[in-house]
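Geometric and topological summary
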Amino acid sequence: LLNVRDDKVFTFPENFLWGAATAAYQIEGAAAKEGRSPSIWDAFCAVPGKIQNGDSGATACEHYYRYSDDVQLMKDLGLRAYRFSISWSRLLPQGRGRLNPRAFDFYSSLLSELCTSGITPIVTLYHWDLPQCLEEEYGGWLSAKIIPDFEAFASTCFQCFGTFVKHWITLNEPWCCCALGYGSGEHAPGKSSNAGQEPYLAAHHMLLAHGRAVKCYRDQYQAEQGGLIGLTLNMDWKEPMSASEADRQAQARALDWQLGWFADPVYKGDYPEAMRARCRDRLPSFSKEEQALLLGSSDFFGLNHYSTDFVSGEEKGSETTENYFADQGVKNTSDPRWLRTDMGWDVVPWGFERLLNWIQKVYSPKGGILVTENGCAVRETTEQDAINDSFRIEYLQGYLSQMHKAMANGVDVKGYLVWSFMDNFEWAFGYAKRFGIVRVDFESQQRTVKDSGRLFRTLCKENKLKVPSRVLASAEFVPFN
Ligand code: PNW
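Residues numbered from 1 in each chain as written. Predicted model: local features only at pLDDT ≥ 70, side-chain atom pairs only at ≥ 80, totals over all residues. Heavy atoms only, no water.

Some details on the overall build of the protein chain
Along the backbone of the protein chain there are 19 helices and 15 strands. The C-alpha atoms of the protein chain give a radius of gyration of 21 Å, which matches the 23 Å a tight globule of 481 residues would have. If you line up the protein chain on its principal axes, its C-alpha atoms span 65 × 55 × 50 Å. With 481 residues in all, the protein chain has 62% of them scored as buried. A fraction of 79% describes how many contacts in the protein chain between residues 6 or more apart in sequence connect residues 24 or more apart. Looking at the protein chain as shown, the accessible area adds up to about 18,700 Å², and 50% of this sits on carbon and sulfur atoms. (Helix = DSSP H or I, 4+ residues; strand = E, 2+ residues; numbered from the N terminus. Rg over C-alpha atoms; globule rule 2.2 N^0.38 Å. Buried < 20%, exposed > 50% of the residue type's maximum accessible area, 1.4 Å probe, protein only. Contact = heavy atoms within 4.5 Å. Areas by Shrake-Rupley, 256 points an atom, 1.4 Å probe, with all protein chains shown as cover.)

Regarding the packing of helix α17 (residues 390-408) against helix α18 (residues 451-462)
At a minimum axis distance of 8 Å, the contact between α17 and α18 shows a crossing angle of 35 degrees. Of the residues in α18, those in contact with Arg392, Ile393, Leu396, Gln397 and Leu400 of α17 are Asp451, Ser452, Leu455 and Leu459. Among the residues making up the contact of α17 with α18, the classes are represented as five nonpolar, two polar and two charged. (Axes fitted to C-alpha atoms, helices over the stretch in contact; angles between N-to-C directions. Nonpolar A, V, L, I, M, F, W, Y, C, P; charged D, E, K, R; others polar.)

Remarks on the site of the ligand
Neighbouring the ligand are 17 residues, the closest being Gln26, His127, Glu373, Glu426 and Trp427. Gln26 is positioned with one of its side-chain polar atoms (N or O) 2.8 Å from an oxygen atom of the ligand. The separation between an oxygen atom of the ligand and a polar side-chain atom of Tyr306 is 3.2 Å. In terms of residues, the shell around the ligand owes the most to one element, helix α8 (residues 174-182), which gives three residues. A class-by-class count of the residues in the shell around the ligand yields nine nonpolar, five polar and three charged. (Near = heavy atom within 4 Å. Polar contact = N/O pair within 3.5 Å; in protein donor to acceptor, adjacent residues only side chain to side chain.)

Observations regarding the confidence of the model for the protein chain
Taken as a whole, the protein chain shows an average pLDDT of 97; of its residues, 98% reach a score of 70 or greater. Per the prediction output, this complex has pTM 0.97; the corresponding ipTM is 0.93. (pLDDT = per-residue confidence, 0-100.)

Side note on the sheet that holds strand β12 (residues 413-419)
Hydrogen bonding along the main chain pairs the strands of a sheet, whether they run parallel or antiparallel. Ordered by their spatial adjacency, eight strands build a closed barrel running β2-β3-β4-β5-β6-β8-β11-β12, and the pairing between neighbours is parallel. Averaged over all neighbouring strand pairs, the angle between strand axes comes to 25 degrees, with direction disregarded. In terms of strand pairing, strand β4 (residues 120-126) meets strand β5 (residues 167-172) through three bridges, oriented parallel. Along β5, the bridge assignment pairs Thr124 with Ile169. Packing against the sheet, α17 makes contact with β2 (17-21), β11 (369-373) and β12, and its axis sits at approximately 170 degrees to β12. (Pairing = 2+ DSSP bridges.)

Observations regarding the packing of helix α11 (residues 245-267) against helix α15 (residues 349-363)
Where α11 meets α15, the closest approach of the two axes is 12 Å, and the angle between their N-to-C directions is 35 degrees. As α11 runs across α15, the sense of the crossing is right-handed. Contacts between α11 and α15 involve Leu255, Leu259, Gly260, Ala263, Asp264 and Tyr267 from the first element and Leu355, Trp358, Ile359 and Tyr363 from the second. Residues belonging to the contact of α11 with α15 are distributed by class as follows: eight nonpolar, one polar and one charged. (Left-handed = near helix turned anticlockwise from the far one by under 90°.)

Comments concerning the nonpolar core
With 157 residues, the main nonpolar core has Trp41, Trp141, Trp168, Met403 and Tyr416 as its most contacted residues. Among the elements that take part in this core, helix α9 (residues 198-220) stands out by supplying 11 residues, more than any other. Those residues in contact with Trp141, other than ones at most four positions away along the chain, are Tyr126, Leu130, Ile146, Phe150, Leu171, Tyr182, Leu201, Ala202, His205, Met206 and Ala209. (Core = buried A, V, L, I, M, F, W, Y, C linked by side-chain atoms within 4.5 Å.)

Let's talk about helix α3 (residues 63-77)
The end-to-end C-alpha separation of α3 is 17 Å, well short of the 21 Å expected for 15 residues at 1.5 Å each. Its axis deflected by about 40 degrees at Asp69, α3 carries its strongest bend there. Turning to α3, its buried residues number three or more, namely His63, Tyr64, Tyr67, Asp70, Val71, Leu73, Met74 and Leu77. Backbone geometry just after α3 places Gly78 at a positive phi near 75 degrees. (Expected span 1.5 Å × (residues − 1). Bend = angle between axes of the 7 residues up to and from the residue.)

Points about the pairing of β5
Of all six residues that make up β5, six are buried, and the element is covered over most of its length. Alignment of β5 against strand β6 (residues 228-234), held across four bridges, turns out to be parallel. Within β6, the position partnered with Ile169 by the bridge is Gly230.

Structural notes on the packing of aromatic side chains
For the structure on display, the rule yields 55 aromatic pairs. Measuring from centroid to centroid gives 4.6 Å for Trp128 and Trp427, while their planes differ by 40 degrees, and the two rings are tilted. In this pair, Trp128 sits in the loop between β4 and α6 (132-138) while Trp427 sits in the loop between β12 and β13 (438-441), placing the two residues 299 residues apart along the sequence. It is Arg354 that lies over the ring of Phe477; its NZ or CZ is 4.0 Å from the centre. (Phe/Tyr/Trp six-rings, centres within 6.5 Å; stacked < 30°, edge-to-face > 60°. Lys NZ or Arg CZ within 6 Å of the ring centre and 35° of its normal.)

Description of helix α5 (residues 101-116)
Its 16 residues give α5 an end-to-end C-alpha distance of 22 Å, which sits within 8% of 22 Å, the value for a rise of 1.5 Å per residue. If you check which residues of α5 are buried, you get Ala103, Phe106, Tyr107, Ser108, Leu110, Leu111 and Leu114. Against the buried residues of α5 lie α1 (24-27), α3, β3 (81-85), α4 (88-91), β4 and α7 (146-161). Backbone nitrogen of Arg102 and a side-chain oxygen of the N-cap are separated by 3.1 Å at the start of α5; the cap is Asn100. In the segment just after α5, Gly118 is the residue with positive phi, at about 75 degrees.

Here it is as structure tokens:
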């Protein structure tokens, strides 16, 4: 029985940064136009079989041409913040050096429209779209040559757009680039033949590139421009399957191998000890200077979070091949009672609360936590149920109520950006997976606000979230089995 009086209302802090997120390759389109050169994702999409339905980001949401209407829509929704990324190969078509004036104009106009609309821009420098020319020249992230090139690209962005941008994110989810780009091969550049070494090598260079970009901002721009700069990491919560010591250790390794891999160097000055012990010389090491460069190199903790697994210890098999995934010795299990999104990702709101508590406890990030992505893919069968996305509404209600709970217990969350502002190119899944709070008809490019978009409008306006008790109850922890 539905009883409206059973709704619970959550109130958030006054200046909480509510917003939505996107990324360049997923929305811009105009991939081979306006002076942009190909990125590793254009190359990857051209390989038969890599992307569902043979899709690519060639046209995507045509945001490059429609940005003005899109900003108007964000304004109608009352978004306080909008996170997007800059396409490196659009701004610097040769990877370095000559600036493409049309890219400069595009991002400048986008930023100025956001600012006149009162929407805070949060800008990601690298959301996976490495210029293909740098991949071809020296192997991209596998070479230390990428470090000065990334720093120069970052510096160009600070110089060009720093008067508008007060929130910078150097890298989005380096874990995905390394584990999926060089481990499983599901993402560009699609490598998997040396999964015992390349993920660790690419990660090492990504961390150093992040460190150099942050140092550059702090030394040359921060005093004058007065912004913040940080790193965005993705982590699903890992809950031990049982209270056994083996399962607790499996949880520790699962956290070390994904979040700790990147967060420990930034918050503690080195890779997790367990990783160094298990990977030995396959894990590169930092010099004293590099440790100092990385320690404290984030003004806030950018977190992307989607799901949760139960974990248990897995004995290393007899197979001799060393591989990033096998190195962890962790078995992931999902509770068959959990709901699943259209990605097949489990809906587990309580995992969000546990993860937030854990980050607060282990890293105590100065500047707090900014949730830079959370959301879900929902399958649409008719245009009507695409708009009436009650599944997404309940997902958001569950996750936001658990985030509120963490905040009430002292976790310093500064803002929350839903993934995504609109349906877009979902990497290996092409246009088949829809994450937007705004629907995109990819034939007509028409945008339609979904019910979840309306929920967001209320959230931005009133700073309050109403959640039915039934949804609240299903967001709470239940042990496995
Ligand atoms: C993130 N995984 O990607 C990205 O930052 C977005 O660009 C993307 O659209 C969104 O989440 C939804 O997928 C991820 O396999 C891709 O664990 C894959 C994983 C996690 C995040």
